[in-house]
Amino acid sequence: MSMTITTPVPVLSDDERAAILEAVRDFAQTELAPHALEWDEAKTFPADTLHRAGELGLGGIYVREDVGGTGLSRSDAVAIFEELAAGDPSIAAYVSIHNMVAWMIDTYGSDVQRREWLPVLASMQGFGSYCLTEPGAGSDAAAITTSAIRDGDDYVLTGVKQFISGAGSASVYIVMARTGEPGARGVTAFLVPAETAGLSFGANEKKMGWNAQPTRQVILDEVRVPATSMLGSEGQGFKIAMSALDGGRINIAACSLGGAQWALDRAVRYVQERFTFGEALAEKQAVVFTLADMATELRAARALVRDAAGALDAKAPDASMQCAMAKRFATDAGFRVANEALQLHGGYGYLHEYGIEKVVRDLRVHQILEGTNEIMRVIIGRQLLGA
C-alpha cells in the first residue's frame, strides 16, 4: 500500500548543526573543490566521490532513518547544499536532484519500495534520476505524452524524457507517464530500475555548464514494469512531481548561494591584491559599491531561502509560493553576483584556471531548471490573486 507519510521535523542543537555543517564544509573543500575544474573540463561524473558523500549521510538528507536516511529538516538541508556548492555547484546540484528522488520514494512509496531503494540511495551506492520533462513538454509539464498502458499485472511505458540529470548512471528512474485523461490528473509516477528491458539513453548533452553530471534523454521503448512499481496511486503522479519540486527549488536556490558566495569571496580577495593606476581596485568607490550590492543581494536571498525552508518544514499553506519566491530571487541574484565577480576579475575572470567562469556557467541553468523563473512568477502571482 502506498501512502503519503508525515513525520515530525527534527530539531538539532546549535552544536549538532554546526558539527554537521563543518563536516560538509570539509568534504566540499577537500573532496570537491580541488577537482571541480578537472571534472568540468573532462566532463567526469565522480561516482566514487559521491559514494563518499553517501557515507556522510548526504544521499538521504531528509529521508527517514529507518531506511538509512539522515532524517534532517529542510532548513538543515539548504545550509548543507550551500556548503556543497561552494566546493562545486554542479555536484551539489546533482546531490539535490538525487535527494529529491529519495524523498519522493520515502514520502509516497510503499514499505516494500522504501526498503528496496532507500538504503541504496541514502548511501549513494546507487543514484536516482527524476524524469518529468519531455522534448515537447517543459514548463507545461502536465502536457507530457509518455504513456503507461495497463497490460495484466504490468504497465508498458513508451516515450522520451529530456534533460535528465544522472541518466545512464542512475540505478532508478522516477518516470511520470500518462495513464489516463489529458492534463495533470492523468499522470502517474513509476519506479523504473536501470536494468529494465527497453530502457535506453541518448548521448550525453554538450552543455554550457553542469559538465560534471551527465544529462541525457531517457528513452522508454515498451518498458514493462509491474503494477507494484507505481509510486503512490494512479493519477497522483503530477501532484507527487510538483510536491518534490518545492524542495528541489529551495535546494537549487541554496546551490546558487554557495556558488555565488564562493565567487564573491574570491572577488573580495582579488580587488585587494590587484593594483591599477597606482592603487588597489579596492580603493575605487565603484568597486566598493559593487561588492556592497553583491553581499547585500546574497544576504537577502539567503533570508528568503531560509524562510522558505522553514515554511516547508512547518507545512505552511503558502510554502509553495515561498519556495517559488526563494528560487526566483536566489538564482537570479546568484547568477548576477557570480557574473559581477567575473567582471571584477577582468580578463583573468574569463580564464578557466581561476574558476570564476565555471561558476557563472554552472549557475546560469539554475534560472531555468526546477521550473523557470518565469514560471516561478506565475506561481507567485496566481497565489496572490487567488487563482
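Here the structure is a predicted model, which means the values were calculated and not measured.

**Student:** A description of the overall build of the chain should follow, citing residues and the corresponding values.
**Tutor:** Tallying secondary structure elements over the chain gives 11 helices and 10 strands in all. At 21 Å, the chain has a C-alpha radius of gyration in line with the 21 Å of a compact globule built from 387 residues. In the chain, buried positions account for 53% of the 387 residues. If you take every contact in the chain between residues at least 6 apart in sequence, the share linking residues at least 24 apart comes to 75%. Averaged over its 34 positive side-chain charges, the chain has a centre that lies 4 Å from the centre of its 48 negative ones.

**Student:** I'd like a description of the pairing of strand β2 (residues 147-151), backed by residues and values.
**Tutor:** Inspection of the sheet shows β2 paired to strand β3 (residues 154-165) by five bridges, in the antiparallel sense. Bridge pairing links Asp 151 to Asp 154 in β3. Taken together, β2 and the strand that follows it, β3, pair antiparallel across an intervening segment of two residues, in which Gly 152 is found at a positive phi of about 65 degrees.

**Student:** Describe the environment of His 345, and please don't skip the residues or the numbers.
**Tutor:** Considering the arrangement of structural elements, one finds His 345 in the loop between α9 (319-344) and α10 (356-364). For His 345, a relative accessible area of 4% puts it in the buried group. As a C-alpha pair, His 345 and Val 268 span 77 residues in sequence and 9.9 Å in three-dimensional space. Discounting residues that sit within four places of it in the chain, His 345 has contacts with Arg 266, Ala 267, Tyr 270, Tyr 354 and Ile 356. Looking at His 345, its side chain comes within polar contact range of the main-chain oxygen of Ala 341, at 2.8 Å.

**Student:** Help me get a handle on the packing of helix α5 (residues 89-108) against helix α6 (residues 111-122), residues and values and all.
**Tutor:** Packing of α5 against α6 brings their axes to within 9 Å, and their N-to-C directions diverge by 155 degrees. Compared by their axis directions, α5 and α6 come out roughly antiparallel. Between α5 and α6 lies a crossing whose hand is left-handed. Along its contact with α5, which presents His 98, Val 101, Ala 102, Ile 105 and Asp 106, the element α6 presents Gln 113, Arg 114, Trp 117, Leu 118 and Leu 121. Here the residues of the contact of α5 with α6 sort into six nonpolar, two polar and two charged.

Each value, and the rule that gives it
Residues numbered from 1 in each chain as written. Predicted model: local features only at pLDDT ≥ 70, side-chain atom pairs only at ≥ 80, totals over all residues. Heavy atoms only, no water. Helix = DSSP H or I, 4+ residues; strand = E, 2+ residues; numbered from the N terminus. Rg over C-alpha atoms; globule rule 2.2 N^0.38 Å. Buried < 20%, exposed > 50% of the residue type's maximum accessible area, 1.4 Å probe, protein only. Contact = heavy atoms within 4.5 Å. Lys, Arg positive; Asp, Glu negative; His and termini not counted. Charge placed at Lys NZ, Arg CZ, Asp CG, Glu CD. Pairing = 2+ DSSP bridges. Polar contact = N/O pair within 3.5 Å; in protein donor to acceptor, adjacent residues only side chain to side chain. Axes fitted to C-alpha atoms, helices over the stretch in contact; angles between N-to-C directions. Parallel < 35°, antiparallel > 145°, perpendicular 65-115°, else oblique. Left-handed = near helix turned anticlockwise from the far one by under 90°. Nonpolar A, V, L, I, M, F, W, Y, C, P; charged D, E, K, R; others polar.

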